[in-house]
Amino acid sequence: MQISPSILAADMTDLKAVLGQMDPAVVDFIHLDVMDGHFVPAISFGEVYSGLIQKHTSIPLDVHLMVSRPDLQVPRYFDLKPANITFHIEATDFPIRMAQLIRAQGIRAGVAINPGTPISALEPVLHEIDLVLVMSVEPGFYGQAFIETTYQRVQTLRDLIGERNIVIEADGGINAGNIGGLASSGVRMVVAGSYCFQGDGVNERVQTLKSAAGAPAGH
Ligand code: DX5
Ligand code: ZN
């Protein structure tokens, strides 16, 4: 299981220190939650701030664009050379073109899907994408409760993906208690915000999540 801590839940006034604490040998990705105040009510940060983050870490970036115009925003992240750029299926009528643009940059193309959108909406784009981000909360805030229907949705998605080489990532309300069930449903990468940045250090929290993902699951 790969872990992508969301820095939205960290102390963003002291991000240089937060990034300095994150061990590249432990933390697989840094999740960047970009919110535009339109696709979701909140505004977080954009490509300028993301560029500053990149300067202070060697950990690959996992960009999650919660924006209503991915056609305008996606290209603004190309210079950062993130590992993944993920846009929402609900936000564009041209997901295939969007994914092709991202892949042409040598960046993995991800599509995110809200809890209220049928998994079948992804079927037409699966041939052009590298990653699906299954939202396990409604997007917009960190610290929300995990939605239990996610396990079934991941299994449905796994069946739809079949033999294709596509990573399933889950995002929202994930902790040591539910990561095992996600792992056995087919999730290979998780985002964790509050869990990673509360209590003991972020590296320890990531290690705990990885061990819990490998432990026998309740689902
Ligand atoms: C929700 C964001 C998530 C969130 C995760 O809109 O996309 O990435 O920051 O935070 P937790 O793990 O606290 O739900
Ligand atoms: Zn996210």
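Residues numbered from 1 in each chain as written. Chains lettered and ligands numbered in written order. Predicted model: local features only at pLDDT ≥ 70, side-chain atom pairs only at ≥ 80, totals over all residues. Heavy atoms only, no water.

Student: Help me understand the coordination of the zinc ion (ligand 2), please; the structure alone is not making it clear to me.
Tutor: Reference values for coordination geometry: four tetrahedral donors around a metal ideally subtend 109.5 degrees, six octahedral donors ideally subtend 90 or 180 degrees. Protein-derived ligands of the zinc ion (ligand 2) are H31 (NE2), D33 (OD), H64 (ND1) and D171 (OD), with the metal-ligand distances lying across 2.1 to 2.3 Å. Of note is the zinc ion (ligand 2), whose 6 donor atoms meet at the metal with angles of 70 to 169 degrees in an arrangement that counts as octahedral. (Donors = N, O, S within 2.8 Å, 3.2 Å for Na, K, Ca; no water. Tetrahedral: all angles 85-135°; square planar, octahedral: opposite > 155°, others 65-115°.)

Student: Honestly, helix 4 (residues 95-104) in this entry has me stumped. Any pointers?
Tutor: One full turn of an α-helix is made of 3.6 residues, so residues set three or four places apart face in the same direction. Among all positions in helix 4, only P95, M98, A99 and I102 are buried. Mapping the buried residues of helix 4 onto a view down its axis gives an arc of 95 degrees, with all of them on the same face. Of the residues in helix 4, the exposed ones pointing more than 90 degrees away from the buried face are R97 and A104. Looking at the packing, one finds that the buried side of helix 4 touches helix 3 (70-73), strand 4 (84-88) and strand 5 (108-113). With its phi angle positive at about 75 degrees, G106 sits one or two positions after the end of helix 4. (Buried < 20%, exposed > 50% of the residue type's maximum accessible area, 1.4 Å probe, protein only. Helix = DSSP H or I, 4+ residues; strand = E, 2+ residues; numbered from the N terminus. Arc of directions from axis to C-beta. Contact = heavy atoms within 4.5 Å.)

Student: Mind showing me how you'd approach the nonpolar core here?
Tutor: For soluble globular proteins, nonpolar side chains are generally found buried alongside one another. With 68 residues, the main nonpolar core has M22, V132 and F197 as its most contacted residues. The element best represented in this core is helix 8 (residues 202-214), accounting for 5 residues. Ignoring any residue separated from it by four or fewer positions in sequence, one finds F197 in contact with P5, S6, I7, A9, A10, V18, M22 and V202. Membership of the second largest hydrophobic core comes to 8 residues, among which are L131, L133, V137 and V167. (Core = buried A, V, L, I, M, F, W, Y, C linked by side-chain atoms within 4.5 Å.)

Student: Mind showing me how you'd approach the site of ligand 1 here?
Tutor: Around ligand 1 lies a shell of 20 residues, among which D33, G140, D171, G193 and S194 are the nearest. In this structure, an oxygen atom belonging to ligand 1 sits 2.3 Å away from a side-chain N or O atom of S194. Out of a free accessible area of 380 Å², ligand 1 has 99% covered by protein chains. If you list the elements that add at least two residues to the shell around ligand 1, you get strand 2 (30-35), strand 3 (61-66) and strand 8 (189-192). (Near = heavy atom within 4 Å. Polar contact = N/O pair within 3.5 Å; in protein donor to acceptor, adjacent residues only side chain to side chain. Areas by Shrake-Rupley, 256 points an atom, 1.4 Å probe, with all protein chains shown as cover.)

Student: When you look at the packing of aromatic side chains in this model, what are you seeing that I'm missing?
Tutor: By convention here, two paired aromatic rings are described through the distance between centres and the angle between planes. Counted by the stated rule, this structure contains 2 aromatic pairs. Seen from their ring centres, F45 and Y49 are 5.3 Å apart, and the 45 degrees between their planes marks the pair as tilted. By relative accessible area, F45 is classed as buried at 9%. Taking the relative accessible area as the measure of exposure, Y49 reaches 25% and is therefore partly exposed. Summarising the aromatic geometry, the rings of F146 and Y151 are spaced 5.3 Å apart at their centres and angled 55 degrees between planes, so their arrangement reads as tilted. Y151 carries the same exposure label as F146, and that label is buried. The ring of F94 is capped by R97, whose NZ or CZ atom sits 4.6 Å from the centre of that ring. Geometry around Y195 places R205 over its ring, the cationic atom sitting 4.6 Å from the centre. (Phe/Tyr/Trp six-rings, centres within 6.5 Å; stacked < 30°, edge-to-face > 60°. Lys NZ or Arg CZ within 6 Å of the ring centre and 35° of its normal.)

In short, geometric facts, not functional conclusions.
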